[in-house]
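# Residue-level structural notes
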Number of protein chains: 2
Amino acid sequence: MTTLLIEAARLQETCSRILQHAAIPPVDADFVAQSLTEADLRGIHSHGSMRLGRYVRELREGITNPSPQIRSLEEGPAFARVDGDGGLGQLVGRESMQVCIAKARQAGSATVTACRSRHFGAAGFFALMALEHDLIGVTMTVASPRLAPTGGTLPLFGNNPLAMAIPGDGEFPLLVDFATGSIAAGNLELAAANGTPIPPGVARDLEGNATTDPKVALQGTIVPIAEHKGYGLTLLIEVLAGLLGGSPYFGVEKKQVDAHVREKGIGHFFMAIDPSRFMPLPQFKAAVAQMVAQTKASPRMPGAKEILLPGELEARRRQDRLRQGIPLAPSTVEMLRKLGRECGAEL
Amino acid sequence: MTTLLIEAARLQETCSRILQHAAIPPVDADFVAQSLTEADLRGIHSHGSMRLGRYVRELREGITNPSPQIRSLEEGPAFARVDGDGGLGQLVGRESMQVCIAKARQAGSATVTACRSRHFGAAGFFALMALEHDLIGVTMTVASPRLAPTGGTLPLFGNNPLAMAIPGDGEFPLLVDFATGSIAAGNLELAAANGTPIPPGVARDLEGNATTDPKVALQGTIVPIAEHKGYGLTLLIEVLAGLLGGSPYFGVEKKQVDAHVREKGIGHFFMAIDPSRFMPLPQFKAAVAQMVAQTKASPRMPGAKEILLPGELEARRRQDRLRQGIPLAPSTVEMLRKLGRECGAEL
């Protein structure tokens, strides 16, 4: 499978025009397109422009609302519950994180849940929004069921991600961003499309038997990281991002996913903390810088060229790809070109 | 190695009297003794009464302050930074979580960091305090360095734990509580004492080679769960529980641990969220109950007798042990009897 190099600005423009053609207002379309392009720039293709096909389908089928009234249903000094009204998840995430940031600046810390939302792309994108205000940002979301509880065989819990961005003055933003399963669902799809096996130990069939066949894995379950620990962590995220906002995704069967998303939507969780309320900001940033420097300088295993901090590899990829273009899978390019032709946007 | 069955009330009384003999006021001694006994009741022996020997040593050597002035250094509507003043971690944790709970009831959610604290036992103990107020409780703490960053060989990050308790009306409190390493340091110590090997894949020597020798592992590193994901999670906890409060534990060498704890102490992180501000409390609890019921009733893998929820096994152990007594390792009983004799407290 060969990949094509696409210029980031061009990719973002094409995605935006495709979304505008699907009745999304230009400013909002630009924001969603930026979120997808940023994911591709950072190498998180599973949450990049390859998702646009699904977004457009859901907009056309009325699963996603192109003109939502996104607003707070409940709020107080340090919390809010945002109703996404069925809008694109990125727009719900933007509003929710903005509310969360404003409250954290007032109260020192704040939590916001979102309900009736849609797929919002990469969780880290919203955590990073907090850095512009020198806040710690945390994001979680529920995702379609892929993980079984320990001892179980059915996919009940999502491959739910947790992201946290940490303010600092380093060369790259420090960003922890990972999901609770041993492999990304997007990588199962990629392996299935390519006919390549997946590593042993990361997936099971519906009877609980280990499998290296990605097609079987897509119908079965992804093994939680560290088994019961990953099970505990995905349940924790389901509670904060799903139950607490009123849009759980827990236990929904595969064939019910479209109906569930249309009728109930999905939930997210956002948190922001202002380190400058705990200590002078330069002192906090210096402590972060010291941790980064000491980690990078520490002795390495044989064969390890470098010790990376969370988010460092992605930031480096982003720089490279801004210069050289983004390598996109042919299937993604084909989908974008097809959608682009319908609205006169060339990729 | 044979174990002895000790009545919970008797264990708690003995632990309290030993602490009182080390100049801890009775009410505080009772609270710390309760925390250790609860850990033993739940089967978390690594954070139970076996820790008392270390606590007493640190009190005697002036590493821990028997009469700390625990107070907030900074605070606002939804946050506080608590100074532990070198006191026992359980007392710092109690005060911090009480402050956090009070603020969360006012503001909807709150975060509290603690600095200059000591070992506080099991993280879940403080998360559970939130349940008495129908709040979600979250606790994290830094721990002595045991984990290397991905590609590194030196223990820079702690086997840091994350705990979250979830309000509900079930038969047992829902409690996610796990550490970021593949094996508990306490289990390395136990295996070393017994001369038994540890499972493959959980530890490395200081050159980065895999080991099943617990003595080598104690001098080396514990493998983070899911490698780079566990590394990311322990760094996240180090930032929130360590750097943000002003008492990191990152990068401290083994031989410097006592001096570091004496001079700088360690840090914790607490969060409480009031679900009743997001939706009517019965609605939240019903959603939790539905998740629990659907998980328990879901199909099982061959050989799996039951699907357990996080905290269920520990709650069941607690009930059994309240009736039948707590099985304590001979080394723990010997230590407690020796300390008990010094103050006329029989075990």
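Residues numbered from 1 in each chain as written. Chains lettered and ligands numbered in written order. Predicted model: local features only at pLDDT ≥ 70, side-chain atom pairs only at ≥ 80, totals over all residues. Heavy atoms only, no water.

This part takes up the interface of chain A and chain B. Facing 74 residues of chain A, the contacting portion of chain B comprises 74 residues. For the pair chain A and chain B, the two sides together bury roughly 5800 Å², of which 76% comes from carbon and sulfur. Between the two partners, chain A and chain B, sit zero salt bridges. Linking chain A with chain B are 20 residue pairs in polar contact (both at pLDDT 80 or more), by the criterion used here. Element by element, the count of residues in the side of chain A that touches chain B is highest for helix α8 (residues 228-243) of chain A, at 10 residues. Among the residues making up the side of chain A that touches chain B, the classes are represented as 46 nonpolar, 20 polar and eight charged. (Contact = heavy atoms within 4.5 Å. Buried area = accessible area lost by both parts, 1.4 Å probe. Salt bridge = Lys/Arg side-chain N within 4 Å of Asp/Glu carboxyl O. Polar contact = N/O pair within 3.5 Å; in protein donor to acceptor, adjacent residues only side chain to side chain. Helix = DSSP H or I, 4+ residues; strand = E, 2+ residues; numbered from the N terminus. Nonpolar A, V, L, I, M, F, W, Y, C, P; charged D, E, K, R; others polar.)

Residue and element names in this part refer to chain A. Looking at where R118 falls in the secondary structure, it is placed in the loop between β4 (109-117) and α5 (124-129). Buried within the structure, R118 lacks any salt-bridge partner; E58 is the closest side chain of opposite charge, at an N-O distance of 5.5 Å. A polar contact is formed between the side chain of R118 and the backbone oxygen of V261, at a distance of 3.2 Å. Looking at R118, its side chain comes within polar contact range of the main-chain oxygen of R262, at 3.5 Å. Residues in contact with R118, not counting those within four places in the same chain, are I63, T64, G86, G87, L88, G89, V261, R262, G265, I266 and H268. (Buried < 20%, exposed > 50% of the residue type's maximum accessible area, 1.4 Å probe, protein only. Lys, Arg positive; Asp, Glu negative; His and termini not counted.)

Residue and element names in this part refer to chain A. Strand order in the open sheet formed by seven strands is β2-β3-β4-β12-β5-β8-β9, with mixed pairing between adjacent strands. Whereas interior strands pair on both sides, the edge strands pair on one side only; in this sheet they are β2 (71-76) and β9 (174-179). Each adjacent strand pair in this sheet contributes to an overall mean axis angle of 10°, direction not counted. The sheet strands contacting helix α10 (residues 281-296) are β5 (136-141), β8 (161-166) and β9, and the helix crosses β9 at an angle near 65°. (Pairing = 2+ DSSP bridges. Axes fitted to C-alpha atoms, helices over the stretch in contact; angles between N-to-C directions.)

A separate point is the confidence of the model for chain A. Taken as a whole, chain A shows an average pLDDT of 96; of its residues, 99% reach a score of 70 or greater. Both scores are available for the predicted complex, with the pTM at 0.97 and the ipTM at 0.97. (pLDDT = per-residue confidence, 0-100.)

Now for the environment of B:P68. Residues and elements named next belong to chain B. Relative to the helices and strands, P68 is located in the loop between α3 (52-60) and β2 (71-76). Along the sequence, P68 and L88 sit 20 residues apart, while their C-alpha atoms lie 8.4 Å from each other. The residues touching P68, leaving out its near neighbours within four places in the chain, are G84, D85 and G87.

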